[in-house]
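Here's the letter readout for the chains.
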Amino acid sequence: MNDILGTLPFIDDLNAVESQRLSNAQLISMEEGAVLLRQGDTCKAFLILIEGSVRVFGRSSQGRELEMYRIERMGTCVLTTSCLLAGQAYPAEAVVESDARLLLIKDEDFSFLMSGSAAFRSFVFDSYSERLSSLFVLIQSIAFEKIEIRLTRYLLQESRRSLVLSVSHQHIADALGTAREVISRHLKIMEQQQWLALSRGQIMLLAPLLMKDFLKEQDLM
């Protein structure tokens, strides 16, 4: 545990009492697909993701999903932070996207550190403001951007590790807050343009440079 705590960016600025409170934190491991938080859950701890990734999304009464953000290494969950600060229930769902290890700081220790440590407060609010900015960008894109622009950007972002994406049309629709049929139709158009090739459960990008040029033409790169 000490090795994990030593990697935290604010650890060197804590005094002995604050370090002792932080040492109460729990390190847990969760496998891909595990549910971290459900809508309506009580937030009992502040979380810091040590390894892996977590997907946070909203779900409508009709079952439609909208991906809000992903938590990655040394990231925090802005909704969990908000719930701890306001004493409210968790308003979304958080699911482990790849095997994860998380550091959980109990709510009473979180409150203590927030009150006493400027370094810890800075870490929390820096992460909070960064995530709020990305959520604002998401709202703007949903409200004002055409789906072909959002889809192109999504595919390019997801292809940074590999040009072959193992992802379903439904997963993309959930991430972009639209219907699967809309995604399938636009992917078919992109295939006709020879930007990509579609196969069952996979999308292979054939012309990422053309896709980037398309976004540049829209002044969106």
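Residues numbered from 1 in each chain as written. Predicted model: local features only at pLDDT ≥ 70, side-chain atom pairs only at ≥ 80, totals over all residues. Heavy atoms only, no water.

> In this structure, what is going on with the sheet that holds strand 8 (residues 202–205)? I would like to understand it.
By definition, the strands of a sheet pair up through backbone hydrogen bonds, in either a parallel or an antiparallel sense. An order of 6-8-7 is seen for the three strands of this open sheet, with the pairing classed as antiparallel. Two strands in the sheet have a free side with no partner beyond their single neighbour: strand 6 (164–165) and strand 7 (196–199). Pairing analysis gives four bridges linking strand 7 to strand 8, with the strands arranged antiparallel. Its bridge partner being in strand 8, L198 is matched across the sheet by I203. (Pairing = 2+ DSSP bridges. Helix = DSSP H or I, 4+ residues; strand = E, 2+ residues; numbered from the N terminus.)

> Would you explain the pairing of strand 4 (residues 65–71) in this entry?
Walk down a regular strand and you will see the side chains alternate between the two sheet faces. By the criterion of burial, strand 4 is predominantly enclosed, with five of the seven residues buried. Here six bridges tie strand 3 (residues 45–59) to strand 4, and the two strands are oriented antiparallel to one another. Of the residues in strand 4, the one forming a bridge with G58 is L66. (Buried < 20%, exposed > 50% of the residue type's maximum accessible area, 1.4 Å probe, protein only.)

> When you look at the packing of aromatic side chains in this model, what are you seeing that I'm missing?
Two numbers describe a pair of aromatic rings. These are the distance of the centres and the angle of the planes. All told, the structure shown has six aromatic pairs when counted by the stated rule. With a centroid separation of 6.0 Å and an interplanar angle of 75°, the aromatic rings of F110 and F120 are classed as edge-to-face. Residue F110 is located in helix 4 (residues 107–116), and its partner F120 is located in helix 5 (residues 118–144); the two are separated by 10 residues in the primary sequence. For the pair formed by F110 and F120, the shared burial category is buried. Here the aromatic rings of W195 and F214 are separated by 5.6 Å at their centres, their planes lie at 55°, and the arrangement is tilted. Residue W195 is found in the loop between helix 8 (180–192) and strand 7, and its partner F214 is found in helix 9 (residues 208–217); the two are separated by 19 residues along the sequence. Accessibility expressed as a relative area gives 17% for F214, which makes it buried. Here the basic side chain of R21 rests over the ring of F112, its NZ or CZ set 4.3 Å away from the ring centre. (Phe/Tyr/Trp six-rings, centres within 6.5 Å; stacked < 30°, edge-to-face > 60°. Lys NZ or Arg CZ within 6 Å of the ring centre and 35° of its normal.)

> Help me out: how do you make sense of helix 8 in this one?
Each α-helix winds once per 3.6 residues, and so residues spaced three or four apart point in a common direction. For helix 8, spanning 13 residues, the distance from its first C-alpha to its last is 18 Å, which sits close to the expected 18 Å at 1.5 Å a residue. Looking at helix 8, one finds that the buried residues are V182, I183, S184, H186, L187 and M190. Against helix 6 (147–158), helix 7 (169–176), strand 7 and strand 8 lie the buried residues of helix 8. (Expected span 1.5 Å × (residues − 1). Contact = heavy atoms within 4.5 Å.)

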